[in-house]
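Read off the chains here:
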Amino acid sequence: MSTTTISANTSQRKKVTTLTFRQKKERGEPITMLTAYDYPTASAMDRAGIDSILVGDSLAMVVLGYENTLPVTMEEMLHHARAVARGAKAALLVGDMPFMSYQVNVDEALRNAGRFLQQGGMDAVKLEGGRERADAVRAITGAGIPVMGHLGLTPQSIHQLGGFRAQGKTASAAKRLLEDAKILEEAGAFSIVLESVPARLAEHISKHISIPTIGIGAGAGCDGQVLVTHDLLGLFDRFTPKFVKKYANLHETMNKAFAEYIDEVETKRFPAEEHTVEMSDDEWNEFIRNA
Ligand code: KIV
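Everything numeric here is computed off the predicted structure, so don't read it as measured data. (Residues numbered from 1 in each chain as written. Predicted model: local features only at pLDDT ≥ 70, side-chain atom pairs only at ≥ 80, totals over all residues. Heavy atoms only, no water.)

1. As for the site of the ligand
Worth spelling out the cut-off: Here a residue counts as near a molecule or strand whenever at least one of its heavy atoms sits within 4 Å of it. Counted as a polar contact is a pair of N or O atoms within 3.5 Å, where, for protein atoms, one must be capable of donating a hydrogen and the other of accepting one, and residues adjacent in sequence contribute only when both atoms are in side chains.
As a matter of local geometry, the ligand sits amid Thr-35, Leu-54, Gly-56, Asp-57, Ser-58, Asp-96, Lys-126, His-150, Val-193, Glu-195, Ile-216 and Val-228. Between the ligand and the protein, one listed contact pairs an oxygen atom with a side-chain N or O atom of Asp-96 at 3.1 Å. Note that an oxygen atom of the ligand is positioned 3.0 Å from one of the side-chain N or O atoms of Lys-126.

2. A few points about the nonpolar core
Formally: Only buried Ala, Val, Leu, Ile, Met, Phe, Trp, Tyr and Cys residues count toward a nonpolar core, and they belong to the same one when joined by side-chain atoms within 4.5 Å. With a 1.4 Å probe rolled over the protein chains alone, any residue whose accessible area is under 20% of its type maximum counts as buried; one over 50% counts as exposed, and the rest are partly exposed. Whether two residues are in contact is decided by their heavy atoms: any pair within 4.5 Å suffices.
Ranked by internal contacts, the top residues of the largest apolar core, which has 72 residues, are Ile-53, Ile-140 and Leu-194. What Ile-53 contacts, discounting residues up to four positions off in sequence, is Met-33, Leu-34, Thr-35, Ala-36, Ala-42, Met-45, Val-84, Ala-88, Ala-91, Leu-92, Leu-93 and Val-94.

3. Looking at the packing of aromatic side chains
Cut-off, in case you're wondering: Between the rings of Phe, Tyr and Trp (Trp by its six-membered ring), a pair exists once the centres lie within 6.5 Å; its type follows the angle of the planes, with under 30 degrees stacked, over 60 edge-to-face, and the other angles tilted.
In the structure shown here, the tally under the stated rule is 4 aromatic pairs. On the basis of an interplanar angle of 80 degrees and a centroid distance of 5.6 Å, the ring pair of Phe-236 and Phe-239 is categorised as edge-to-face.

4. Comments concerning unusual backbone geometry
To keep things clear, this is the line we draw: Strands here mean DSSP runs of E at least two residues long; helices mean DSSP runs of H or I at least four residues long; both are numbered from the N terminus.
In this structure, Pro-271 follows Phe-270 across a cis peptide bond, with omega equal to 0 degrees. One can find Pro-271 in the loop between helix H12 (250–266) and helix H13 (281–290). The phi dihedral of Ser-196 falls on the positive side, at around 50 degrees, and the residue is not glycine. Of note, Ser-196 is situated in the loop between strand S6 (191–195) and helix H10 (199–208).

5. Focus on the pairing of strand S2 (residues 52–55)
Consecutive side chains along a regular strand alternate between the two faces of the sheet. Cut-off, in case you're wondering: We call a crossover right-handed when, viewed with the strands running away from us, the connection from the first strand over the helix to the second turns clockwise. A pair of strands is labelled paired if DSSP reports no fewer than 2 bridges between them.
Both faces of S2 are covered, namely the face carrying Ser-52 and Leu-54 and the face carrying Ile-53 and Val-55. In the classification by handedness, the crossover that spans strand S1 (residues 31–35), the intervening helix H3 (residues 39–48) and the parallel S2 is right-handed. Note: S2 against strand S3 (residues 92–96), 4 bridges, orientation parallel. When the sheet's bridge partners are listed, Val-55 is paired in S3 with Gly-95.

6. A closer look at the side chain of Ser-196
On the basis of relative accessibility, which here comes to 10%, the residue Ser-196 falls in the buried class. Contacts of Ser-196, omitting those with residues within four sequence positions, involve Leu-153, Ala-166, Gln-167, Ile-216, Gly-217 and Phe-243.

7. Here we look at helix H9 (residues 171–187)
How we decide: What a helix should span is 1.5 Å times the count of its residues minus one.
Helix length check: H9 (17 residues) gives 24 Å between terminal C-alpha atoms against 24 Å at 1.5 Å per residue, within 8%. Where H9 is buried, its residues touch helix H7 (134–142), strand S5 (147–152), S6 and H10. Once H9 finishes, Gly-188 follows within two positions and takes phi at roughly 115 degrees, a positive value.

8. With respect to a negative patch on the surface
Our working definition: Patches were defined on residues exceeding 30% relative accessible area and lacking a salt bridge, with like-charge contacts within 9 Å and nonpolar side-chain contacts (Val, Leu, Ile, Met, Phe, Trp, Tyr) within 5 Å. Where accessible areas are quoted, they stem from the Shrake-Rupley method and a 1.4 Å probe; at the residue level, only the protein chains shown are allowed to cover. We define a salt bridge as a contact between a side-chain nitrogen of Lys or Arg and a carboxyl oxygen of Asp or Glu at a distance within 4 Å. Charge convention: Lys and Arg are scored as positive, Asp and Glu as negative, and His as well as the terminal groups of each chain are ignored. By convention, the charge on Lys lies at NZ, on Arg at CZ, on Asp at CG and on Glu at CD.
A contiguous patch of negative charge, built from Glu-273, Glu-274, Glu-278, Asp-281, Asp-282, Glu-283 and Glu-286, is present on the exposed surface. When its relative accessible area of 72% is taken as the criterion, Glu-273 is described as exposed.

9. Regarding the sheet that holds S3
To keep things clear, this is the line we draw: What counts as an axis is a line fitted to C-alpha atoms, over the stretch in contact for a helix, and the angles between N-to-C directions run from 0 to 180 degrees.
Taken in spatial order, the 8 strands line up as S1-S2-S3-S4-S5-S6-S7-S8 and close into a barrel, and their pairing is parallel. Looking at each pair of strands side by side, their axes are set apart by 25 degrees on average, direction ignored. As judged from the 2 bridges shared by strand S7 (residues 213–216) and strand S8 (residues 224–227), these two strands associate in the parallel manner. Bridge pairing links Gly-215 to Gln-225 in S8. Contacting S5 and S6, H9 runs over the sheet at an angle of about 175 degrees to S5.

This is the structure:
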C-alpha cells in the first residue's frame, strides 16, 4: 500500500467544495472524480481520497441494465444519491440530472435540481448541453445550487448525435464547443465535463475558461478526470469505451467467486464447521427430550 493511500485512509479529510475545484485549477493540480451509485463504493472512494463523486445517470446502463441513459428517473437517481451521500463525507457530491428532468422548462429544472440537494444529499448537480441550457443554469445557480455542465458527447442526446460518437472533430464543431463552454461559464457553471472530444480541443477549452474542465475521453489537458467506476473496475461487461483504463477485472473476479460458491454448496463443502452456530449439549438434550 502506498503512503498516499495510508494518509488518505487515516486522516479526516476536509470537505471538498466548488472553491476547492477552482483552487486546484489555479494551482494546476488535477481534480479527481469517479461515479458511484451505492454506499460501499462511495465510502471506499471517499476513504481513498477522491475529490468528487458523481451519481451519474450512467446508473441506467451500468447498474440497471438499460441500453442507454434515457430511461432513468428522478426517483431512481435520488434513491442512489441518498446511498452515496451516506457513504461519502468529504468528496464533493454531484447529482446527475436525468433525461427530461430539466429540458421541459426552467421551473422544472430548478425544482428538480433542488430535490438533489434537499432529498438526495448532493452538493451540486450536473446537466448536459450548452447554449440551450444557459437559462436553466442561470436559474439553478441563482438559487445557490452549484451546476456542473457537460459538453461534447452528451449521452442523453444519442439519438440526435447518431450514437455514442466523439464530438468536436471539425473546425466548426470545435468552435461551437468552445462557445458553449464560455456560455456555461458566463451562466454560472462551476465546472464542465468534456466527454469524447479531441484532446487538443479539450486542452484549448481548458485554457480559455476560468472554471475547471473534467475530461472523460478528452485527453490529459483537462483540469481533472472522471471515469465511470464500473468501467474502471471491469464490472460492466457489455462494452468498454476506448478511453477507459481498466484498473481491475471485477466481473471476472465475481464470476469466479460465484462459481466457487455454487460448487462448494453442491459438493457440501460449504458451510464448514467454522461457519455454523452451535448450542450446548445440555440445551440440545433438553430440546430433544421435549420435542
Ligand atoms: O453519467 C455519467 O456517468 C456521466 C459521466 C460519463 C461523466 O455523465
